[in-house]
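Here's the letter readout for the chains.
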Amino acid sequence: MITVLNVVAALLTIAFGLFGFLAPAHTANALDLAPTKSTMGLSEMRASVGGLFVVTGAAVLWLNNPMAYVMLGIVYSGAALGRFVSVALDHPPLAKAMIFGGIELFLAIWLILANMNRAS
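Sequence order as written defines the numbering, with residues in each chain counted from 1. Local features in this predicted model are restricted to residues of pLDDT 70 or higher, and side-chain atom pairs are both shown and tallied only at a pLDDT of 80 or more, whereas totals for entire chains, interfaces and linings draw on every residue. The side-chain quantities take in all heavy atoms of the structure and omit both hydrogens and water.

J.: Describe the layout of surface pockets, with residues and values.
T.: Cavities and pockets were defined on a 1 Å grid built from protein atoms only: a cavity is a group of points that admits a 1.4 Å probe but offers it no way out, a pocket is an open group of points flanked by protein on both sides within 12 Å along at least five of seven lines, and a lining residue is one with an atom within 4 Å of any such point. Grid points are joined across faces, edges and corners, and a volume is the space filled by probe spheres set on the points. As a volume, the largest pocket reaches approximately 800 Å³. Secondary structure elements with two or more residues in the lining of the largest pocket: helix 1 (2-22), helix 2 (24-30), helix 3 (40-63), helix 4 (66-89) and helix 5 (94-116). When residue character is reported, Ala, Val, Leu, Ile, Met, Phe, Trp, Tyr, Cys and Pro are called nonpolar, Asp, Glu, Lys and Arg charged, and the others, Gly included, polar. Across the lining of the largest pocket, the residue classes tally to 15 nonpolar, six polar and five charged. Each pocket or cavity is described by its volume, and for the second largest pocket that value is around 230 Å³. If you trace the second largest pocket, you find 13 residues lining it, with Ala28, Ala34, Pro35, Gly41 and Leu42 closest to the centre. Put simply, DSSP marks the helices as runs of H or I at least four residues long and the strands as runs of E at least two long, and each gets a number from the N terminus on. Listed by contribution, the elements that provide at least two residues to the lining of the second largest pocket are helix 2 and helix 3. A total of four residues in the lining of the second largest pocket trace back to one element, the largest contributor, which is helix 3.

Pasting the structure below:
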């Protein structure tokens, strides 16, 4: 069961990344990011919200090692931390930030706790 849920988490990571990689304008809009006078924002979406997550999820599947899944959980914990700090300091739309942060936190907790003992 742990293996199946790990693979689902990695596939979700790839799917989330594909949105940023293949549809950066749509992703930017969903995240309430506005375009400026250049396309650098689209480049950033493809890189940090897209390719980074696609390659990380794919690498975790390829490595197929409990510690790789723990590391993916640590990545998600950083995303959740940043999201919740933003809620406190930046006051983004609360429902959207809490949904995204909740997903990130859930994946972080699952991936770390389910795989930490298996990595030993």
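J.: Can you explain the pattern of salt bridges? Please cite residues and give values.
T.: Throughout this description, the term salt bridge denotes a Lys or Arg side-chain nitrogen within 4 Å of a carboxyl oxygen of Asp or Glu. Under the defined criterion, the tally for this structure stands at two salt bridges. We note a salt bridge from Asp32 to Lys96, for which the minimum N-O separation is 3.3 Å. Of this pair, Asp32 sits in the loop between helix 2 and helix 3 while Lys96 sits in helix 5, placing them 64 residues apart in sequence. A residue is classified by how much of its surface remains accessible, and Asp32, at 47% relative accessible area, is partly exposed. The buried label applies to any residue whose accessible area, calculated with a 1.4 Å probe on protein chains only, is under 20% of its type's maximum; exposed applies above 50%, and partly exposed to all values in between. Owing to a relative accessible area of 31%, Lys96 belongs among the partly exposed residues under this scheme.

J.: An account of helix 4 is needed here, citing residue identities and associated values.
T.: An ideal rise of 1.5 Å per residue puts 34 Å on 24 residues; helix 4 measures up with 35 Å between its terminal C-alpha atoms. Among all positions in helix 4, only Pro66, Ala68, Tyr69, Val70, Leu72, Gly73, Tyr76, Ala80, Ser86 and Val87 are buried. Contacts are assigned to residue pairs that have any heavy atoms within 4.5 Å of one another. Buried residues along helix 4 sit against helix 1, helix 3 and helix 5. Pairs of N or O atoms are called polar contacts if they sit within 3.5 Å, as long as, within protein, a hydrogen donor faces a hydrogen acceptor (for residues adjacent in sequence, only side-chain-to-side-chain pairs). The opening residue of helix 4, the one whose side-chain oxygen lies 2.7 Å from the backbone nitrogen of Met67, is Asn65. Positive backbone phi, approximately 55 degrees, marks His91, located one or two places after helix 4. By this rule, a helix spans an expected 1.5 Å times one less than how many residues it contains.

J.: Which residues make up helix 5, and what are the values?
T.: Counted at 1.5 Å a residue, the expected span for helix 5 with its 23 residues is 33 Å, and the 32 Å between its end C-alpha atoms agrees. Listed as buried for helix 5 are Ala97, Gly101, Glu104, Leu107, Ala108, Leu111, Ala114 and Asn115. Residues of helix 5 that are buried sit in contact with helix 1 and helix 4.

J.: Outline the environment of Ala34, listing residues and values.
T.: Summarising the element assignment, Ala34 is placed in the loop between helix 2 and helix 3. Residue classification places Ala34 among the exposed positions, given a relative accessible area of 66%. Sequence separation between Ala34 and Trp110 is 76 residues, and the spatial gap between their C-alpha atoms is 33 Å.

Read these as geometric descriptors, not functional statements.
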